[in-house]
Amino acid sequence: METPFRTNTSLLAVLWSNSQCQNVIEEVLVEITLNETLVKEAVLSNIRYSTLTAQNYADFKQRFTINFKDSSEPSEEDKGRGYQSGDEIYAMKGEADTPFLFSMPKTGLCGTESGVPIKFLVNSNSMCTIRASQCREMQQTVRQLIDKFVPNWIQSVPTESVTNETNALVIRGNGTEVENPSGMFCPLTTELLIIIHYAKKGKEQNYRLVITSAKFAMNNHAVPMNSTAILRFSVVFKDSTPLIASRFVALPHIDLRLPNDFFYPFLERSAASAVTSIASSISVYLLLRN
């Protein structure tokens, strides 16, 4: 399958005037758009010309740049900014609800007031104490803390980023059920753990960090009645970026017609020979790139 090669700029003929060689190509930019492994479009997007004189002839250099881009990849404006280490994270109870600052209880006496913000890539731990004379009262305090601090959704990207990203679901794992109190012990949830999975999204050299999912788990223990219970809250970040898959990339065949003097005065060959030279240069570039 052949792909048309078009240009966004006019090709100027080389002009000799006043002992100077004008309209000599100094820099060329070619952009090739791929649809997976197929070439969708090839554009000669920019050409910069210069004037060659006796003074700058020895130092004159030509630069040819070829950029590849994926046609399915959104623009930089649509992508928005990814997370950076230390960024605050916002969460929601319902996916359409107003986001609130994701936080954990402060160290000290357990309460439902505002807590300590959780920050991206910063593993955090906190613990608070529950003091109550009745088992039901302690269990109710734990349920209120879970309802306050454990969200159902987490924003995949920072809240100020303009993006169409979906929110990350907080999956609730199988925790042990809180049993009814019996004897001298009160079955109570004493450990809360949220594992936040994130991944690199984009190209290997230019990627964003986004939150993909989260998992909430809890553990229960039998706490002696009429004692102080300690509730531990932990947040851990894990990289879930898939391994990069290696696949064969075919070298494109470029059939490009250029003016006879396109490379003048450096090449005294026909346009067909110039095409062969460009194709060879591109082949070497791709081999080095891959």
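The rules behind each value
Along each chain, the written sequence defines residue order, and numbers are assigned to residues from 1. Thresholds applied to this predicted model are a pLDDT of at least 70 for local features of residues and 80 or more for the giving and counting of side-chain atom pairs; totals over whole chains, interfaces and linings are not thresholded and use all residues. Water and hydrogen atoms were dropped before computing side-chain values, which therefore reflect all heavy atoms in the structure. Confidence scores per residue from the predictor, reported as pLDDT, run from 0 to 100. Under the DSSP-based scheme used, a helix requires at least four consecutive residues in state H or I and a strand at least two consecutive residues in state E, with every element numbered from the N terminus. Any two residues having at least one pair of non-hydrogen atoms within 4.5 Å are treated as being in contact. In what follows, a disulfide is any cysteine sulfur pair within 2.5 Å. We call a residue buried when its accessible area falls under 20% of the maximum for its residue type, exposed when it is over 50%, and partly exposed in between, using a 1.4 Å probe and counting protein chains only. Whenever a carboxyl oxygen of Asp or Glu lies within 4 Å of a side-chain nitrogen of Lys or Arg, that contact is scored as a salt bridge. Paired strands are those between which DSSP finds at least two bridges.

The name recorded for the chain in an unreviewed UniProt entry is Tectonic-1-3 domain-containing protein, from Trichostrongylus colubriformis.

Looking at the chain as a whole, the pLDDT averages 79, with 74% of positions reaching at least 70. Taken element by element, the chain is modelled with least confidence in helix α3 (residues 271-289), mean pLDDT 47, and with most confidence in strand β12 (residues 153-154), mean pLDDT 94. Taken as a whole, residues 267-278 scores under 50 in pLDDT and shows eleven contacts with residues more than four places along the chain or in a different chain. Across residues 282-290, where pLDDT falls below 50, the model places nine contacts with residues more than four positions away in sequence or in other chains.

This part takes up the state of the cysteines. Scanning the model with the defined rule gives two disulfides in all. Between the sulfur of C110 and that of C128 lies a disulfide, 1.9 Å long from S to S. With the S-S bond torsion at 90°, the cross-link from C110 to C128 turns out right-handed. Taken as a pair, C110 in the loop between β9 (108-109) and β10 (116-117) and C128 in strand β11 (residues 124-130) lie far apart in primary sequence, 18 residues in all. For the pair C110 and C128, a shared accessibility class is recorded, and that class is buried. Here C135 is linked by a disulfide to C186, with a sulfur-sulfur distance of 1.9 Å. One disulfide, between C135 and C186, carries an S-S torsion of 75° and so falls in the right-handed class.

This part is about the pattern of salt bridges. Applying the stated criterion to the full structure yields two salt bridges. Its salt-bridge partner being R48, residue E26 comes within 3.8 Å of it at the nearest N-O pair. With E26 in strand β3 (residues 20-35) and R48 in strand β4 (residues 38-52), this residue pair connects regions lying 22 residues apart in the sequence. Look at R48 and you get partly exposed, because its relative accessible area is 42%. The shortest N-O distance in the salt bridge between R48 and E27 comes to 3.0 Å. Remark: E27 occurs in strand β3 and R48 occurs in strand β4; sequence separation between them is 21 residues. By relative accessible area, which is 24% here, E27 ends up partly exposed. Sharing partners across several salt bridges, the network here consists of E26, E27 and R48.

Taken in spatial order, the nine strands make up an open sheet running β7-β6-β12-β13-β15-β14-β16-β11-β9, and their pairing is mixed. Looking at which strands have only one partner, the edges of the open sheet turn out to be β7 (100-101) and β9. Summarising the sheet, strand β14 (residues 185-202) and strand β15 (residues 207-224) pair through 17 bridges and their orientation is antiparallel. Bridge pairing links I194 to F216 in β15.

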